[in-house]
Amino acid sequence: MGDIIHLLKKNYFLKIKFVNHLVSGSSGGLGKYLAYKFKADIYNRKNKTTYDKEKNYKSIIHCAFGRPHSGEEELNYINTQLEVARDLLKYNHSKFIFISSIDTNANELSLYAKAKIAVEKLIKNSSDLYLIIKPGILFGSGMRINSIIKVALNKEQPLTLT
């Protein structure tokens, strides 16, 4: 086993050198943080000149995922999310990392969770090496306000553990 790890570290099995990372969702908190930390190229679905289509990425980290708009058709929303993932999967990469959601494990699935599941399936069928992360909550500098933060910031309402 140690020999295999040594060979992998030396890139004996990879003829292509993977030199960088590509991050989607850099306008949100997590994507912005990861793009900065990894000095990554930034994927922008509206302006695809912000990254190199010929580059061999060590990893693609897919953080972008819009929330459905009020009244948006279910199929249209899911297809939009799938289109972004399909585009990202076209680029040379060693591994594909998708930030999904714990919401995909709920008994009743929201449209957001259904779209996340559809993208997870696409990734599983399209990438040889992938990681799907399902965080329960994200918070930090630049993050969107979520339910936990709303409760914590509300001085009028006591915070209890139940």
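Residues numbered from 1 in each chain as written. Predicted model: local features only at pLDDT ≥ 70, side-chain atom pairs only at ≥ 80, totals over all residues. Heavy atoms only, no water.

Caption draft 1: Main features of the overall build of the protein. Summing up its helical and strand segments, the protein has five helices and five strands in all. For the protein, the succession of helices and strands along the chain, N to C, is α-β-α-β-β-α-β-α-β-α. Contacts in the protein between residues far apart in sequence, at least 24 positions, make up 64% of those at least 6 positions apart. In the form shown here, the protein has an accessible surface area of approximately 11,300 Å², with 53% of it arising from carbon and sulfur atoms. (Helix = DSSP H or I, 4+ residues; strand = E, 2+ residues; numbered from the N terminus. Contact = heavy atoms within 4.5 Å. Areas by Shrake-Rupley, 256 points an atom, 1.4 Å probe, with all protein chains shown as cover.)

Caption draft 2: Local environment of the nonpolar core. With 22 residues, the main nonpolar core has Ile60, Phe65, Tyr77, Leu88, Phe96, Phe98 and Val119 as its most contacted residues. Of all the secondary-structure elements, those providing two or more residues to this core are β3 (57–62), α3 (74–89), β4 (93–99) and α4 (111–126). When residues of this core are assigned to their parent elements, the largest contribution, seven residues, is made by α3. Membership of the second largest hydrophobic core comes to nine residues, among which are Leu30, Leu34, Ile61 and Ile99. (Core = buried A, V, L, I, M, F, W, Y, C linked by side-chain atoms within 4.5 Å. Buried < 20%, exposed > 50% of the residue type's maximum accessible area, 1.4 Å probe, protein only.)

Caption draft 3: Spatial organisation of the pairing of β4. Burial analysis of β4 places five of its seven residues in the buried class, the great majority of the element. In the sheet, β3 pairs with β4 via five bridges, with the strands oriented parallel. Note on β4: the bridge partner recorded for His62 is Phe98. The handedness of the β3 to β4 crossover, carried by α3, is right-handed. (Pairing = 2+ DSSP bridges. Right-handed = clockwise from strand over helix to strand, strands pointing away.)

Caption draft 4: Fine view of the packing of aromatic side chains. For the structure on display, the rule yields three aromatic pairs. On the numbers, 6.5 Å between centres and 90° between planes, the contact of Phe65 with Tyr77 is edge-to-face. Taken together, the residues Phe65 in the loop between β3 and α3 and Tyr77 in helix α3 connect sequence positions 12 residues apart. By the burial criterion, Phe65 is buried, and Tyr77 matches it. With 5.6 Å between their ring centres and 85° between their planes, Phe65 and Tyr112 make a pair best called edge-to-face. (Phe/Tyr/Trp six-rings, centres within 6.5 Å; stacked < 30°, edge-to-face > 60°.)

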